[in-house]
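Architecture and fold: a report
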Amino acid sequence: MKILVINAGSSSIKYQLIDMDDESVIAKGQAERIGIEGSNVKQSSAKGEIVFNAPLKNHAEAMEYIVKALTDKEKGVISDMKQIDAVGHRVLHGGASFTESQVVNPKVMEAIYDNIILGPLHNPANIQGIEACQKMMPDTPNVAVFDTAFHQTMPPYAYMYAVPYDYYTRLKVRKYGFHGTSHRFVSKRAAEMLGSADGKGLRLVICHLGNGSSLSAVVDGKCVDTSMGITPLEGMVMGTRSGDLDPATLQYIMKRDGIDIEEMTNILNKKSGLLGISGISSDMRDLTAAMEEGNERATLAIKMMTYRLKKYIAGYAAAMGGVDAIVFTGGIGENVGHIRKAAVEGLEFMGVKLDEAKNDVTRSDGFIEAADSKVKILVVKTNEELAIARDTLELCGKKA
């Protein structure tokens, strides 16, 4: 069974065509700069690379070129789009409407539209991606896989904010969490590595670390807390996002500098975090190089990130009544050993002890704790596209 996985952003579409018989990637590509000058579609496969430099006015036009790339006579990987059995879509915000992935139907689409107010930058693009596929492949089922779904098992005391209750009932103000597809995939894989098929009896802290970072506390395979909130801005110090701060900071800066809420929100999302503190970059590779050269602001930015990371790990361990394993994933979590080391330094009182030699070389699924550590420390390679494809396969079923 061949499944096309679509991840539609505001100005891009990332995609993979996966053969679910062996879960191999047949082709992958990206439409970039949709609606912006210099747009293109690039695809790579065993047959080589295809590049289309063309004006892409919208997501529908981008999908036309994606189809063109997939079915290219020379370097395409299928002869006809009818060879695709189903399409799985990453959808950012499902609100409280969905606790699991759904086959797309009018009711599901209505709910995704209703949640645009909670995901104004992403949900419209996700909708455009779904509608473009429905138009081009009318007989092919589509599945919506929600970034927020995994976190909907949180108890009310974890997801509620201490603001007037009316804001929750009337405006849906609460914590939703994101990166849920990754957290679910990684928590399941970690449980398997720890000898549990369903995660029963395990208390895990999942650290998804990248340009956007979030943590989750997982008990018996279910999320009980997560660091991101009503938007992805809450929580960790991230590449360009501030993470947790005193809300009154906004009023103070806005009054002093005479800026409005839109500009303030843009600053918090795109000009803060590692970039804002270092003044150099949001990329951990650049910051690591600068830190090694003695740059004080790069060093400060990294220490701020790992300090908050450590607090979240310890806080979630307390919330769960202990922790059996700390799991690192994402671009930083999988590849940057000094971040993992800094995150667990000082947690020896919890029984956490790192094997530095293993930590230095591990980049994919493996254990990096010392032999006498009471808490397991894992590195797990995330694969959100495969998680989306698996959900799509489960909901759409294999063809006979």
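The notes below deal with the structure included here.

Analysis parameters
- Residues numbered from 1 in each chain as written.
- Predicted model: local features only at pLDDT ≥ 70, side-chain atom pairs only at ≥ 80, totals over all residues.
- Heavy atoms only, no water.
- Pairing = 2+ DSSP bridges.
- Helix = DSSP H or I, 4+ residues; strand = E, 2+ residues; numbered from the N terminus.
- Buried < 20%, exposed > 50% of the residue type's maximum accessible area, 1.4 Å probe, protein only.
- Patch = residues over 30% accessible without salt bridge, like charges linked within 9 Å, V, L, I, M, F, W, Y side chains within 5 Å.
- Areas by Shrake-Rupley, 256 points an atom, 1.4 Å probe, with all protein chains shown as cover.
- Salt bridge = Lys/Arg side-chain N within 4 Å of Asp/Glu carboxyl O.
- Lys, Arg positive; Asp, Glu negative; His and termini not counted.
- Charge placed at Lys NZ, Arg CZ, Asp CG, Glu CD.
- Contact = heavy atoms within 4.5 Å.

**A look at the sheet that holds strand S14 (residues 376–379)**
One open sheet accounts for 6 strands, arranged S11-S10-S9-S12-S14-S13; its pairing is mixed. Strand pairing shows two members of the sheet lacking a second neighbour, strand S11 (222–226) and strand S13 (366–367), which therefore form its edges. Alignment of strand S9 (residues 203–208) against strand S12 (residues 325–329), held across 5 bridges, turns out to be parallel. Residue pairing for S12: Val205 is matched across the bridge by Ile326.

**Some thoughts on the pairing of S12**
Most of S12 sits out of view: 5 of its 5 residues are buried. As judged from the 4 bridges shared by S12 and S14, these two strands associate in the parallel manner. By the bridge assignment for S14, Ile326 is matched with Ile377.

**Considering a negative patch on the surface**
There is a patch of like negative charges on the surface, built from Asp257, Asp260, Glu262 and Glu263. Inspection of the secondary structure puts Asp257 in helix H7 (residues 248–257). For Asp257, a relative accessible area of 57% translates into the label exposed.

**Brief notes about the environment of Ile66**
You can see Ile66 is positioned in helix H1 (residues 59–70). In this structure Ile66 comes out as buried when scored by relative accessible area, which is 0%. Sequence separation between Ile66 and Asp85 is 19 residues, and the spatial gap between their C-alpha atoms is 16 Å.

**A look at the environment of Val379**
As for its placement among the helices and strands, Val379 is situated in strand S14. Assessed through its relative accessible area of 0%, Val379 is described here as buried. Put simply, Val379 and Val186 are 193 residues apart on the chain and 9.4 Å apart in space, counted from C-alpha to C-alpha. Discounting residues that sit within four places of it in the chain, Val379 has contacts with Met193, Phe328, Gly333, Glu334, Arg340, Thr362, Arg363, Ser364, Asp365, Gly366 and Ile368.

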